[in-house]
Structure formats: structure tokens, C-alpha cells
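# Residue-level structural notes
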Amino acid sequence: MTAEWRRCPACDAFVYWKRLKRNLSVCPECNHHFRLHLQERLDQLLDEDSFEDLGGELESIDVLSFADSKPYPERVEQARAKTGSAAGARYGTATIDGHPVVVAGIDFEFIGGSMGSAAGEAITRAAELALETQTPLLVISASGGARMQEGCVSLMQMAKTSQAIGRLGEAGVLYISLLTDPTYGGVSASFATLGDVLISEPKAHIGFAGPSVIEQTIRQKLPEGFQTADFLLEHGMLDLLEPRENLRRTIRNLLDLHARAEAARTDGDRSGRLPEADGQAPVDDPAALERRDPWEIVQTARAIERPHTLDYAGMVFDDFLELHGDRLFEEDSAIVGGLARLGELPVVLIGHQKGSTTSEMVERNFGMPEPEGYRKAMRLMRYAAKFGMPVVTLVDTAGAYPGLGAEERGQSNAIAESIMMMSRLPIPLVTVVTGEGGSGGALALAASDRVLMLESAYYSVISPEGCATILFKDAAAAPRAAAALRITAPDLLRLRVMDAVVPEPEGGAQSDPPAAAANVKAALVDTLSELLRLDGDTLLERRYDRFRLFGAPGRQPVLPPVEESE
Amino acid sequence: MSADALEEARARFDSGDFKASRRMAIEALEGRPDDVELLRIAGRAGVELGAEDAVDQLAKVAELRPDEVESWRDLGDAHASDGRTAAAAEAFRRALEIDPGDETSLTALGHTAYATGNEGDAVSYLEQAAERSAGASSAMISLVDMYREMGQPEEALAAALKIAQAAPDDMAAALDVAELSLSVGRLDEAAQAFERIREIDDLADHDVYALHGLIQVEIRRDGWERALELAREASTVDRHGRTASVLAFAEAQAGEGGDDEPPPTREEVEGLLAASLAEHRQLHAEDRRAESKELFA
């Protein structure tokens, strides 16, 4: 049934069909994303004429000889006649901007996209082909859930597809999952939410149980936007929420970056992929650093105008693609992270983000993460290790957030797990403390092969104010505490807590962010060029030894009293 | 040579290879820049491809062949595709001056009038377009909504019935007929429509919606025995428990309710059932696809 003028169900405008099609079936008046047939999705995402359909023999199997008001085979025939699709699911090979990809998808038009043997087989065969050919997998989901007419065999498709994805994951092959409107039930509770990257479109409905079931069960009205992709992003369940016009480009960028990462992984000299860097080299001699008042440095480190992680992401790296969520509870924007390039070398960049305006600072909790922030960081670090990418962390936090919810959700464990995880990742890890290195909340992102700091940053077990109150019994003694704690660059170099110091321009990083960024870039290039030459086992051994020395008799450097140092 | 090029370009266009069609036409136009047929094909293919200069090519055709209805129709199509509503309306008006019965132009003007708030003109154009088509046309489909919004449910129902007759498997039409029949009190037609919905809606869990619709019909009729029977059936298929209140109400009305709790009111139950119908409509809101009929004869 067709209509030349289509009414938008969101804004009620009548839109001319060609205008709608030209706009990728997104209402030009209100941006409502219309549902697409699977073929339309493929047309929009894949290179023209690149799709080779390999699913010709897929078919729904009437395993139960099922009949309700009509026999199951009759329903399948009706669906075939209605949709022109043999099985309601397809898979094959294609390219996206020349990048090879294995693609699979489910068509919601075919019996509500329900997953039975045919859909399960399509997804599984696609995953198996991706594994065999070491080609990234893209799965496009749209489903109401399992197909009841195939009973437990439908249920088993969840296991069949998930194990295929698991095997693919163990082989380090990228799996991008595009969840479209709607994706529910057995599909969302299996392969669809197992992607390395989960992408969706605005307002797409995604969930496990349907909203009506939930409302009837809990006898409460559900919040506005419940189970929309926007809601899922907020609750940490999606990496990316992209308007339809950006989908092809975003997927293409992911494929491109991963192709580079794969090429780098097999490259004998990965350091050759690093860029030329014009900034000042890092300093590893404490005598070469200016002695400054520690309290003045603390004030500088805390300055709102200092560049933060997202600023450095734009100035130091290329093509930063922020990935969101911890896939457990919530998106914590006090920590940001994602994929980036340092020259031709793909990396995972993670860092604290304080915010520059009042509203942003509030939104980002002033850069003080809750457990979700650390769990997001860990998820991204596992991602990096899976695909052999170095991790760069930029640390700038007053500390982990000391809140009720944070404690309820395991702030201690999150920090502990992050530290331990970093210690065991067989990939290069570099940290730069760019502002405040606030205790455990900072260390959770800083258990790295090399830890550097900006000249006007500080790193401390406790804030000077906290130390003043507890040990000096006087909050006003914070400047004295700052000096006593030895939290600035020269002393931290001597203690070997820091490996090198990144120079800042006159007046601090905030006075000339591009210059500061150039120096950070130079430091990263210098550090990574050394680390990239080391294999995973060597990195682990040396990292272990780096942290082993702290407090070890005979190995731990000891600083003379403050007066003697000056 | 030019005639061959034109034929080949047309053949490619008809087969859907718009890129090749346009390329051939543009190549041929280099030697014959004012060839109307080449301009037409280049422009039409350009519209399909979203080419920026397509409207210029078709504007030139309209300038060279101002007495041909298709010249203005093509131009209107190009403007409408780019979202230039006023320009599209002007072009379709010119088409209508040449052929007052042109269905495409009437349909387009109906929608462009609606977009500018002229509901009366919109309905007038669409009614004329609908008269010229066989039932399930774009004009007729839009008229259902427009009549409904203008508080003319009987007219909306008449249009919906024509669509349902022409496209008996169309869920949106069946829902329109059911809902509108209910609203104007044509209960037998409403019941038939809900039964039809039960037949054509093959999505799991959706049977309950049609059953809720049938219960609404019986409530209107004070048919409590039948309402109770339907409510019991709905309860067995309603995984979401929405029918519980409806069942309690029906039991009470049929004299079979217990005395434990006061049953819901008729108002509450009708509200629940109306919400169910709205939810069902929402779930099928995008079943209809947007594609063209044959614009170019």
C-alpha cells in the first residue's frame, strides 16, 4: 500500500514521498526517523551494487508443525508475499566506502522481525563468515523478539547467535551492531546488544520487555522516552546515537580506524605510524624544572580555563569518536573516552572531563566520576586490548565522587578493578596528568607504562585541604600541606611517580592551549615510539616492576626535608 | 544519433538506472542544449538522483513547452522533491490550467494547500483527485485524515471504506474504518472492521487489540453477554494484563461480578479501550510505504 504524500506520525505534516526518500526517510519537518525496510537500510549504508546476498537458501523451519488460527507455513507464505523476502532475514558481503564488511539483518516487515530459525541462521552464518575471512561484521536488527511459532528452537537462536558472536570476539574481529526501531526481546537479549560498538538512531525503541508488560507489572506510568535510544544512551547502554544521515559515515569511520589498527598490529614498526610532533620534548630531569610554590601550582591546576580531555582530543588527535556508556547502569560524562588517531596510529583515548561552563561542570559532576565512569573506562580499555590499540589517558580530577549512589554501586571496587585491569593489559599505556591528579580517582586511569604530568599539574594522595584538616588540624594550612605532600612535578620525578614532565607555555596551558597540546603530542609521540617496540609480555613485566618499586626498601627514592630541597 | 541517445536514455530511466540515463542525456545535450526531450529526461533522472540542476533543466522544458501538462508536472515534482512548497504549487497550478482533471496536480495542490493552512482548498482539490482515481489513492488516504481533523467523521469513514475496499489487507484502512465507524455509531460496520483486523494483523500479541475493539462495540450496544465473552477471550490472550479491568466491568454489567471491590466505571473502561486502540494504531502507523504511482506515462 503506497502513498505519494506520507503523513508523519510524529508531527502530522504531509511530506512528498521523493522529498522523504531524499532525506533518507527522515521527516524534514520534525526529524522523525521513519522505519525502513531492510533493503532500504542496505541501500543507504552500503556501497552501490556491492551487496552480495549469500542467504538464498535461508528458510523458516516449521519445527513444531505449529498452527494457531492458521498453520505456521501459511503465515510464512503470507509474509513472503507481503514483503518479497524469502525468510525475513538476509546476510552477505558488501563494502562501505571500499571497506569490506559482512552484513546481516532482519526485516521487521516479515512477521514483526521475529527471530526463528531463518533469522538465527542468517546472523550465525554471517558471524561465521566474518570469522573465517577476518572481516568486520555489521548486523542490523529490527525485531519484536523470538518467533513463538518455532517454540524453544526460537529460544535456542539466542544461544546459537551469541556463541557465534563470542567466537568472533575472541578472534578480535570487529562487530558493529546497529539497533533500529524496534528491537526487543530475544534479539536484544542476544546478538543485538553484544556488539563491540552499539549504534542506534534517535527515538528508536529498544528494550527487553515491552512497555505495556512493564507498566502492567509494576503498575506505574513509565517515564517519558522510556526505552528510546536516547534513554538507553543516558543509561549507559549504547556507544553511539546517530541521526540517520550520519550512520554511513560513522560506520565507515569505524571500519577505517579498525583497518588501520589491524594493519598496525601486523606492522613490524608501529612507531613509524606516529606523527611528526613540533612541540617541546618532555623533561625527565627534575633539576631542569623551575621550582615553584606548590600551592600556586595547585591553584593553576584547578583553573577552569585549563584545557580538558575533549580539548586535547581535538588538538592532539585526529578523528576522535567518543563512545559512551558502561553497559551496566549509566553514562557518566565525568569520564570521556573513545577512538582516535595519533597520526596514523589508532588509539583509545580516555580522560576526565570537568567542563568549562557552569552547566557543563554540573552535568559532568566537575570531573568527579562515579563507578559508571570507571566501568566505562574499563570497557574501553578492554576494547583497546582486544584490537591491539594503545591507550592514552588524560587525568584531571579532584577525585572520585564521594556520593551515596557511588558507594551503593561500588565505587571502591570500580577503582580497584580499573587499577588492576590497567596493570594487566598487554598494550602500551600512557598517562598524562593534565590538571588535578586526585588520589585513587586519578590512579584508576593512571596505572600505566609511562606516567607524565604537565608542568602545572599536581598529583596527590589527598587534597592539600584534606591533609591540612586531618594532619595539621587547620584547614588554612593547605599551602603548607601542599608543600609537605610533595605533589608537584620536580618532586614526583624524583620519587619516580612521574616518568617525565610536559612543559607548559608561559602562563600555563590555559594561556596557549594549542602550544600546550603540541607539547602533549610531542610527549606522547616520544613515549609511544619507545613503548610500541615492546611486546605485550615485556610491557607487563616492566609495568609491574615500575609500580613494584614504590615503597620497596632499597628501591624507593627518598626526598630530603622540604627546606633542604628548596 | 540524438534520437538513439534519447531512446537509450529513456530505456535506462525506465529500468531505474537513473545515473546512466542522466549521463547519456547530458552528454547528448552538449550538442543540442535546447532539446526538450533530452532536457526532460536529464531533469527527471536528476530529480530521482537529487541533482541540484534538475529543476533548472525542467524549468527550461516548461519554458520551451508551456502548453504541455507534463512540463509543469515535472517541474512541480522537482520543486516538491526539494521541499519548495510554494514553487511546487505554482507549477502544479499551471499544469491544472492545461488539464483541470490531472490527478497528480490535484493531489499535489491538495497537500500544498494543507501545508499552508488552507484546509478547505486542500479538501476540494483532493476530492477532485479522488474522484478520478480508483479508491486507494494518495488523495483518498489523505482525505481520511483531513476530514477527521475537520470534524467530518462521516466523510472520513466514506473515504476509509473506499480505501479498505480497494486494499482489503491495508491495516491502516481497516483501523480507520473500525475507529470511525465506532465514532459515528455504525456499530455493525465497526464490528466487521475489527474482525477484519483480526484476520490481517499477523503480529504476535495483536489479537487482543481487535478484541478490545469488539468489546467497545458491545459496550455501545449494551451487549453485556457478548462483551463478557469477548473480555474473557481477550484475557486469555492478553499477556500484558490490560484486560483485567475490562473483564471486571463486563462481569459486573452482566451480573456476574463479585462484591469484593467496586468495578471500574464505564468511563474508565472506555478510556482503557480507547487507549488500546490508539496504541494499536501507533504500532501500525508506518505500515504504509511512500512510493510513487506512475507519474510519467
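Residues numbered from 1 in each chain as written. Chains lettered and ligands numbered in written order. Predicted model: local features only at pLDDT ≥ 70, side-chain atom pairs only at ≥ 80, totals over all residues.

## Points about the overall build of chain A
If you tally the helices and strands in chain A, you get 22 helices and 17 strands. At 27 Å, chain A has a C-alpha radius of gyration in line with the 24 Å of a compact globule built from 566 residues. Taken over the C-alpha atoms alone, chain A extends approximately 90 × 55 × 45 Å along its principal axes. For chain A, buried positions account for 50% of its 566 residues. Look at the contacts in chain A between residues 6 or more apart in sequence, and 72% of them connect residues 24 or more apart. (Helix = DSSP H or I, 4+ residues; strand = E, 2+ residues; numbered from the N terminus. Rg over C-alpha atoms; globule rule 2.2 N^0.38 Å. Buried ≥ 20, exposed ≤ 12 C-beta atoms within 10 Å, placed from the backbone. Contact = placed C-beta atoms within 7 Å.)

## A look at the overall build of chain B
If you tally the helices and strands in chain B, you get 16 helices and zero strands. Its C-alpha atoms give chain B a radius of gyration of 26 Å, more than 25% over the compact-globule value 19 Å for 297 residues. Dimensions of chain B along its principal axes, counting C-alpha atoms only, are 90 × 35 × 25 Å. Considering only contacts within chain B whose residues lie at least 6 apart along the sequence, 40% involve residues at least 24 apart.

## What about the interface of chain B and chain A?
Listed per partner, the contact involves 31 residues of chain B and 29 residues of chain A. At the level of secondary structure, the elements contributing two or more residues to the side of chain B that touches chain A comprise helix H5 (69-81), helix H7 (103-115) and helix H9 (138-149) of chain B. Classifying every residue of the side of chain B that touches chain A by side-chain character gives 11 nonpolar, 10 polar and 10 charged. (Nonpolar A, V, L, I, M, F, W, Y, C, P; charged D, E, K, R; others polar.)

## Section: the environment of Gly105 of chain A
Residues and elements named next belong to chain A. Topologically, Gly105 is positioned in strand E5 (residues 99-106). Taking C-alpha positions, Gly105 is 35 Å from Pro426, a pair spaced 321 residues apart along the chain. Apart from the residues within four sequence positions on either side, Gly105 is in contact with Leu38, Arg41, Ala89, Arg90, Val139 and Ile140.

## Here's the deal with the packing of helix H6 (residues 85-98) of chain B against H7 of chain B
Helix packing geometry: the angle between the two helix axes and the distance between the axes. Residue and element names in this part refer to chain B. Between H6 and H7, the least distance of the axes is 9 Å, while the angle of their chain directions is 145 degrees. Of the two possible hands of crossing, H6 and H7 adopt the one that is left-handed. Residues Thr85, Ala88, Ala89, Phe92, Arg93, Ala95 and Leu96 of H6 lie in contact with H7, whose contacting residues are Ser105, Leu106, Ala108, Leu109, Thr112 and Ala115. (Axes fitted to C-alpha atoms, helices over the stretch in contact; angles between N-to-C directions. Left-handed = near helix turned anticlockwise from the far one by under 90°.)

## Here we look at the domain arrangement of chain A
When the domains of chain A are assigned, the result is domain 1 (1-34), domain 2 (35-259) and domain 3 (280-565). Here domain 1 of chain A and domain 3 of chain A have C-alpha centroids that lie 48 Å from each other. (Domains from an automatic or database assignment.)

## Details of the sheet that holds E5 of chain A
Residues and elements named next belong to chain A. An order of E3-E4-E5-E6-E7-E8-E9 is seen for the seven strands of this open sheet, with the pairing classed as mixed. Each edge of the open sheet carries a strand with a single partner, namely strand E3 (52-53) and strand E9 (240-241). Across six bridges, strand E6 (residues 137-143) lies against strand E7 (residues 175-183) in parallel orientation. Looking at E7, one finds that Ser143 is bridged to Thr183. (Pairing = 2+ DSSP bridges.)

## A look at the nonpolar core
Within the largest apolar cluster, 144 residues are counted, with the highest numbers of intra-cluster contacts made by Ala126, Leu137, Val348 and Met453 of chain A. Beyond its immediate sequence surroundings of up to four residues, Met453 of chain A is in contact with Val432, Val433, Gly437, Tyr459, Ala489, Leu492, Met498, Val501 and Val502 of chain A. Tyr16 of chain A together with Ala59, Ala136 and Met146 of chain B belong to the second-largest nonpolar core, a separate cluster that totals 99 residues. (Core = buried A, V, L, I, M, F, W, Y, C linked by C-beta atoms within 7 Å.)

## What to know about helix H8 (residues 119-131) of chain B
All names here are of chain B. Between its terminal C-alpha atoms H8 stretches 18 Å, which fits the 18 Å expected from 13 residues at 1.5 Å a residue. Where H8 is concerned, the buried positions are Ala122, Val123, Tyr125, Leu126, Gln128, Ala129 and Ala130. Structurally, H8 contributes buried residues whose contacts are with H7 and H9. (Expected span 1.5 Å × (residues − 1).)

## So, the confidence of the model for chain B
Reading predicted coordinates in detail is not appropriate for stretches of low pLDDT. All names here are of chain B. Taken as a whole, chain B shows an average pLDDT of 90; of its residues, 95% reach a score of 70 or greater. Confidence drops under a pLDDT of 50 for residues 292-297, and excluding neighbours within four residues, the segment shows six contacts in the predicted structure. For this predicted complex, the interface confidence score (ipTM) comes to 0.90, while the overall pTM stands at 0.94. (pLDDT = per-residue confidence, 0-100.)

## As for the pairing of strand E4 (residues 89-96) of chain A
Residue and element names in this part refer to chain A. Judged from the two bridges that link them, E3 and E4 form a sheet pairing that is antiparallel. Bridge pairing links Asp53 to Gly92 in E4. Here E4 runs beside E5; their pairing, made up of eight bridges, is antiparallel. By the bridge assignment for E5, Ile96 is matched with His99. The antiparallel hairpin formed by E4 and E5 contains two residues in its connecting segment, where Asp97 sits at a positive phi of about 55 degrees.

## What about helix H12 (residues 187-200) of chain B?
Residues and elements named next belong to chain B. Here H12 spans 20 Å end to end across 14 residues, near enough to the 20 Å set by a 1.5 Å rise per residue. Of all the residues in H12, the buried ones are Ala190, Ala191, Ala193, Phe194, Arg196 and Ile197. Against the buried residues of H12 lie helix H11 (171-184) and helix H13 (207-221).

## Considerations on the packing of H13 of chain B against helix H16 (residues 266-283) of chain B
All names here are of chain B. Contact geometry of H13 with H16 gives a least axis separation of 9 Å together with a crossing angle of 140 degrees. Of the possible angle classes, the one that applies to H13 and H16 is oblique. Considering how the two elements wind past one another, H13 and H16 form a crossing that is left-handed. Note on element contacts: H16 touches H13 through Glu270, Leu273, Ser276, Leu277 and His280, opposite Tyr209, His212, Gly213, Ile215, Gln216 and Ile219. (Parallel < 35°, antiparallel > 145°, perpendicular 65-115°, else oblique.)

## Brief notes about the environment of Pro71 of chain A
One can find Pro71 of chain A in the loop between E3 and helix H3 (72-83). Using a count of 14 C-beta atoms within 10 Å as the deciding quantity, one classes Pro71 of chain A as partly exposed.

## Here we look at the pairing of strand E11 (residues 335-342) of chain A
All names here are of chain A. Burial of E11 is extensive: eight of the eight residues sit out of reach of the surface. Pairing geometry for strand E10 (residues 318-322) and E11, over three bridges, is antiparallel. Each bridged residue has a counterpart across the sheet, and for Leu321 the counterpart in E11 is Leu339. Two strands pair when backbone bridges link them, and E11 and strand E12 (residues 345-352) are joined in this way by eight bridges, in the antiparallel orientation. Of the residues in E12, the one forming a bridge with Leu342 is Leu345.

## Focus on unusual backbone geometry
Residues and elements named next belong to chain A. Residues Asp181 and Pro182 are joined by a peptide bond in cis, for which omega reads -10 degrees. Inspection of the secondary structure assignment puts Pro182 in strand E7. The backbone of Asp12 sits at a positive phi, close to 70 degrees, despite the residue not being glycine. Mapped onto the secondary structure, Asp12 falls in the loop between strand E1 (5-7) and strand E2 (14-16). In the Ramachandran plot, Asn365 falls in the positive-phi region, its phi being about 55 degrees despite a non-glycine side chain. Inspection of the secondary structure assignment puts Asn365 in the loop between helix H12 (358-363) and helix H13 (371-386). Note on Asn365: 21 C-beta atoms within 10 Å, which makes it buried.

## Some words on the environment of Leu143 of chain B
Residue and element names in this part refer to chain B. Looking at the element boundaries, Leu143 is found in helix H9. Distance in space between the C-alpha atoms of Leu143 and Ala130 is 8.7 Å, their sequence separation being 13 residues. Leu143 has contacts with Val123, Leu126, Glu127, Ala130 and Ala159, leaving out every residue within four places of it along the chain.

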